[in-house]
Amino acid sequence: MFRAFLTATKIQTRIGIKEKPCLNLHGNLPSFQCALVRRKSSIRQAPLLTASPVRALMDEQICIKGRFLPPLSPITVYAQMHSEDGDLWESFAHYNTNSSGSINLTSDHSVGGSYVGCEPMGLFWGLHPAPGQREGLRLRKNNVESPYTIHISLLEGHISPRAGQVTELAAVTTERWYMAPGERRIEIRQNGIVGTLFLPPGPGPFPAMLDLFGMVGGLLEHRSALLASRGYASLSLAYFGHKDLPGPEKCINVGDSYFKKAFHFLQDHSQIDGDRIGVTGVSFGAYLTLRIGIQIGVKPSCLICINGPIGSVSKLVDESGRTENFESDQKHWTFDDQGRVSFRKVSLPSNIPAKNKVKVENLTCPLMYIVGEDDLGASSLETADLMEETLRSAGKSHLFTRLSYPGAGHFIEPPYAPNERMSLWSIKPQKLMSIWGGHPAPHAAAQEDSWKKILDFLESNLRR
Amino acid sequence: MDRNQTCVKLSVEPSRGLVDEKILVLVQNGFPGSQLTIHALHQCEDGHHWEAFAHYNADATGTVNVSQDRSSGGTYSGVEPMGLLWSLRPVPGSKPGLRMRRKDVWVPMVVRVSVYRGHQIEGFPDQTPLAIVVLERWYIAPGVQRIPVTEDRLTATLFLPPGPGPSPGIIDLWGGGGQLVEYRAALLASRGFAALALDFLTPKVTIETGKAVGNDYFELSCAVSISGSHVQPVDGSIAEILNYFDTNRAKTRFNENNEVIWKDLLLPIPTDPSLKVDMGRIQCPLMLIVGEDDQNWPACESAADIKDMMERAGNNHLLTLLSYPHAGHLIEPPYLPHTRTSLFKSLGKGEKYMVLWGGQMLEHSRAQEDSWRKLLVFLREHLYGGSTSAVPSHL
């Protein structure tokens, strides 16, 4: 056996007692605040914190375990990450180690913090802006090609991480990805279509989805990226509030022909099975999903609507679906005692003119409608009731699947992402916050359950 | 368009795992009872392609679960959850003597896993698969820091796990091939150890100083030797040790394929105490990992001698011996392909030899999996509190 011929002290300094440089993160992210005191632990054993897998897809569970901790002792698990805008998000939970000095977040119960009870993914969906961050933030990933990096620590005792000095016992870094290895992201700017196409690896042909978001506008790619990681080609389509789209701001300047072109783009794609295309949309995108599926002359295999109206909530400019400025008619906006706006009543079926409504009775393919029962952004319950009734009268109940989640709010997203009960809507003429509803734990449960059911629904309708 | 092609679903989890993590490979929505081939393809850093494949029959629900179902043929057979990785071999037509060794730990090993109709044995590039999934196998976890060390004219790299420390430390020494090999240290750091990959055969050190720099000892908490031997001139410099091997060159043997067997260079195990480390004096727990079909180094014979020395000295309670029948010399982290022979460039004159390392694929792969698991347990057991250094060495 060879001896190690190094200067003993030099190396012992390096590996015995670590001096702690700041974490080196991807690219341009700022380093973490070094508010934690790093000193040799008072515990004899070297505590170990593990996460499995350390690199997960956003909808995959991560199993977090702590070992070699003092037995039957209070421990805090603390997660922190920076959003792309540089805001600090954090969460924490209090656990007690068992008699072997271990914790396992998949089976143990949190007794306090950002969540309580047995919540394997609570550290992720429980993330919230750290105190002192800007108001009304929403966590959105613009660049889906890079992961979120989340640093998780074990701290001694049941503490709030912000409260003075804390002792960090162990740490692990996890990455959460929207895209799977080998998945391809392709910007689409052709034929007037503004979107991003995600393709799974391989030649295909793949079943496909057309993916629409709401009046937040722009181009949100994260759900399409995840759908492609599950084997579906998916096109995120912009229709409002995007620099590459025509016309005045705040109006929808594209009509039925635009959505038809997007659908045909998928049908004609050499790596997509033209007979297996579905449409999904959330909020205003849910209305568009119905319109595309029923009214414009294309034949999707299935539709998934999340918390959206049955008709256009903005005044229609013409027959093709273009609309006026959403904010031009505020009569159904309601304000709470703190001046925050809820758009819930705007989409109440009785507040939508008949000519704006989609004729749901003409549905010819399976439709899944997902309701957050605490949705303060749309009248989802009433809309679901109306759809159910309309389809029953038309003898088409067999096409309708309704998922309803108590305590869930407006933005029912893929799982393990935090919910924002309210967010900043606009800053002019003055700052306006909008409320969307949803309580953390039930909303997280809704996201997890609905995503599973969405994938099963797609499996049944696009693969068999 | 073939409707069946849209239906078949292939999933591999985790899609981005560490190299020593298990994967779950699942095929669903296949035709019940149909014959399917699952194929893995990897292009390594030097550009060569490696592949593995196995034949399955979908069950009554059209499912194949690689962790539970039997492969009826291919590069492995039977129930082998990780067979698609450890049975990877150079594709037909590749040059002989290839070995897979990761140089850049920041780039994962990328494996393309495909499902084909029927029981195929060749011609995969010309066929259209039913489904494809791409897998990444990482040697390094997120948050691990890589710190090049250049003090004292060393060639070393330190890998630190995330967290406050102090982390138990490991010095990882590689063998006679020279060059700094980082991937095992990166993997150890991903498992919570501070690991220093050290190239003690750096030409710079030996040429400029002629002997080791600062022969200070560490106080070791434990030591792991993989495929090693205690036979060497005690108190010798690296140059003297290499010279000792050289003087026995005549004992080099060649098998019927003209592959080099070097284990005899140190055999028989000498009785002269100046020619072998006195294992009776060792004071820390020691784990020996040996392949019984090691054709490159007399690890097995040395282990027997070490055991004997320690029994006579009364310190054999410190010894853990893991001895694996039909395993060869290159006992690597788990699920990496077994290398029975490869082209090896000797340090001294830079000549190339086709070296026989030994081992049979199946037993060698089992040895890699078992020994890694036991090595991690051993290191954790002995590396907390007090002094925190350990030396796994690989000859």
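This one's a predicted model, so the numbers in the text were calculated from it and none came from an experiment.

### So, the confidence of the model for chain B
Residue and element names in this part refer to chain B.
Item 1. Of all residues in chain B, 89% have pLDDT values of 70 or greater, and the mean over the chain is 87.
Item 2. Confidence over residues 203-218 falls short of pLDDT 50; this stretch has 31 contacts with residues more than four positions distant or in other chains.
Item 3. Scored below 50 in pLDDT, residues 385-395 makes 56 contacts in the model with residues more than four places away or belonging to other chains.
Item 4. Across the assembled chains, the prediction reports ipTM 0.86 with pTM 0.88.

### Digging into empty space enclosed by the protein
Item 1. Under the definition given, this model contains 11 cavities of 30 Å³ or more.
Item 2. For the largest cavity, the calculated volume is near 140 Å³.
Item 3. A breakdown of the residues in the lining of the largest cavity according to their chemical character gives 9 nonpolar, 1 polar and 3 charged.

### Brief notes about the sheet that holds strand β4 (residues 35-43) of chain B
Residues and elements named next belong to chain B.
Item 1. Spatial strand order, β2-β9-β8-β4-β5-β7: 6 strands in an open sheet with mixed pairing. Since the sheet does not close on itself, it has two edges, and those belong to β2 (16-18) and β7 (89-90), each with one partner.
Item 2. Relative to strand β5 (residues 49-57), β4 runs antiparallel, the two being bridged by 9 bridges. When the sheet's bridge partners are listed, L36 is paired in β5 with Y56.

### Quick look at the pairing of strand β12 (residues 169-173) of chain B
Residues and elements named next belong to chain B.
Item 1. Counting buried positions over the 5 residues of β12 gives 5, a clear majority of the element.
Item 2. Alternating positions in β12 separate into two faces, G169, I171 and L173 on one and I170 and D172 on the other, with burial throughout.
Item 3. Pairing geometry for β12 and strand β13 (residues 194-198), over 5 bridges, is parallel. By the bridge assignment for β13, I170 is matched with A195.

### Brief notes about the pattern of salt bridges
Item 1. What the rule picks out here adds up to 46 salt bridges over all chains.
Item 2. Across the pair E448 of chain A and K452 of chain A runs a salt bridge, and its minimum N-O distance is 3.9 Å. Note that E448 of chain A and K452 of chain A are positioned in helix α7 (residues 440-462) at a spacing of 4 residues, about one turn of the helix.
Item 3. Using a relative accessible area of 49% as the deciding quantity, one classes K452 of chain A as partly exposed.
Item 4. Residue R191 of chain B is joined to D20 of chain B by a salt bridge in which the shortest nitrogen-to-oxygen separation is 2.7 Å. One end of the pair, R191 of chain B, is in the loop between α3 (183-190) and β13; the other, D20 of chain B, is in the loop between β2 and β3 (24-28), with 171 residues separating them in the sequence.
Item 5. Since its relative accessible area comes to 11%, D20 of chain B is described here as buried.
Item 6. Three or more residues are tied together by salt bridges with common partners; here these are E145, R185, E187 and E221 of chain A.

### Describing the environment of N57 of chain B
Residues and elements named next belong to chain B.
Item 1. Tracing the backbone through its elements, the reader meets N57 in strand β5.
Item 2. Sequence-wise, N57 and R70 are 13 residues apart; in three dimensions their C-alpha atoms are separated by 8.6 Å.
Item 3. Non-local contacts of N57, meaning those with residues more than four positions away in its chain, are made with G33, S34, Q35, V64 and H119.
Item 4. Only 3.2 Å separates the side chain of N57 from the side chain of H119, close enough to count as a polar contact.

### Re the sheet that holds strand β14 (residues 233-237) of chain A
Residues and elements named next belong to chain A.
Item 1. Read across the open sheet, the 8 strands follow the order β11-β12-β14-β13-β15-β16-β19-β20; overall the sheet is mixed. A strand with exactly one partner marks an edge of an open sheet, and here the two such strands are β11 (184-190) and β20 (400-405). Shown here is a sheet whose adjacent strand axes are inclined to one another by a mean of 20°, direction ignored.
Item 2. Here strand β12 (residues 193-199) pairs with β14 via 4 bridges, running antiparallel. Looking at the pairing, L197 lines up with L235 of β14.
Item 3. Its contacts with the sheet place helix α5 (residues 284-294) against β13 (206-212), β15 (272-282), β16 (302-306) and β19 (367-372), and it is angled at close to 145° to β15.
Item 4. Against the sheet, α7 engages β13, β15, β16, β19 and β20, with an angle of about 165° to β16.

Cut-offs and rules
Residues numbered from 1 in each chain as written. Chains lettered and ligands numbered in written order. Predicted model: local features only at pLDDT ≥ 70, side-chain atom pairs only at ≥ 80, totals over all residues. Heavy atoms only, no water. pLDDT = per-residue confidence, 0-100. Contact = heavy atoms within 4.5 Å. 1 Å grid on protein atoms, 1.4 Å probe; cavity = no way out; pocket = protein on both sides within 12 Å on 5 of 7 lines; lining within 4 Å. Points joined across faces, edges and corners; volume = space filled by probe spheres on them. Nonpolar A, V, L, I, M, F, W, Y, C, P; charged D, E, K, R; others polar. Pairing = 2+ DSSP bridges. Helix = DSSP H or I, 4+ residues; strand = E, 2+ residues; numbered from the N terminus. Buried < 20%, exposed > 50% of the residue type's maximum accessible area, 1.4 Å probe, protein only. Salt bridge = Lys/Arg side-chain N within 4 Å of Asp/Glu carboxyl O. Polar contact = N/O pair within 3.5 Å; in protein donor to acceptor, adjacent residues only side chain to side chain. Axes fitted to C-alpha atoms, helices over the stretch in contact; angles between N-to-C directions.

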